[in-house]
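One-letter residues, chain by chain:
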Amino acid sequence: FKLKTFLLTAFLTITFGFINCAVDKFKQEQEDRYKEISAELDRNKHLWEQNQSKDYEFICQQFGGGNVPWGEALIKVRQGNSISVENTDENGFGKIDRCKNLETIEKVFENIRRNLDDEKRIDVKYDKKLGYPIEVKITYSYAVDAWNGFFIKELKNTSDNLNK
């Protein structure tokens, strides 16, 4: 009986030791990933702030459940403020609620920061020249197609043609 107890105790000690090592490694990987994505976010936000126009427009394409397009909106910004969010969706479900919350590029950066700080897995691609996010995927669980996201397309500086 003592030998069985000893072997069981040894087995459990070793097993929990391996589990703790794996958890510690996972936590460290998450911390490293957060630092990397956070630094990339800060670099690109700074690039956007240096190069941005206060007058621009862009298409926000909203996705849910993986690569399923939910909706698309044309967003117009003047003097740094959104003046319109128009549903331009022809092929999706016509849902643009997430795009309405992303009515300026500054709000897109804020959304990324909020999701990153909430410890969601987030993947972002940025425009190399201007720094604004062009593709954002936010994973809520590790199930198949368990991400939502949005793409920013066709960003245009409109400072020279404000009446268009």
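Residues numbered from 1 in each chain as written. Predicted model: local features only at pLDDT ≥ 70, side-chain atom pairs only at ≥ 80, totals over all residues. Heavy atoms only, no water.

## Examining the nonpolar core
Convention followed: For our purposes a nonpolar core is just a set of buried Ala, Val, Leu, Ile, Met, Phe, Trp, Tyr and Cys residues, chained together by side-chain atoms within 4.5 Å. Whether a residue is buried, partly exposed or exposed follows from its accessible area with a 1.4 Å probe, protein chains only, as a fraction of its type maximum: under 20%, in between, or over 50%, in that order. Only DSSP runs of H or I reaching four residues or more are called helices, and only runs of E reaching two or more are called strands; each is numbered from the N terminus. Between two residues, a contact is recorded if the distance between any of their heavy atoms is within 4.5 Å.
If you look at the biggest cluster of nonpolar residues, it comprises 25 residues, and the most contacted ones within it are Phe 58, Cys 60, Ile 105, Ile 112, Ile 122 and Ile 152. Looking at this core, the elements with two or more residues in it are helix H1 (2-51), strand E1 (56-64), strand E2 (68-78), helix H3 (105-117), strand E4 (121-126), strand E5 (133-139) and strand E6 (147-157). Per element, the largest residue contribution to this core is 5 residues, and it comes from H3. Contacts of Ile 105, omitting those with residues within four sequence positions, involve Trp 48, Tyr 56, Phe 58, Tyr 132, Pro 133, Ile 152 and Leu 155.

## Focus on the pattern of salt bridges
Worth spelling out the cut-off: Here, a salt bridge means any Lys or Arg side-chain nitrogen found within 4 Å of an Asp or Glu carboxyl oxygen.
This structure, assessed with the given rule, holds 9 salt bridges. Two residues, Glu 135 and Lys 125, come together in a salt bridge whose shortest N-O distance is 3.8 Å. With Glu 135 in strand E5 and Lys 125 in strand E4, this residue pair connects regions lying 10 residues apart in the sequence. Given the relative accessible area of 18%, Glu 135 is considered buried. Using a relative accessible area of 49% as the deciding quantity, one classes Lys 125 as partly exposed. Note that Lys 137 is salt-bridged to Glu 135, the shortest N-O span being 3.6 Å. The partly exposed category is assigned to Lys 137, whose relative accessible area is 24%. Where salt bridges share partners, they join Asp 42, Arg 113 and Asp 117 into one cluster.

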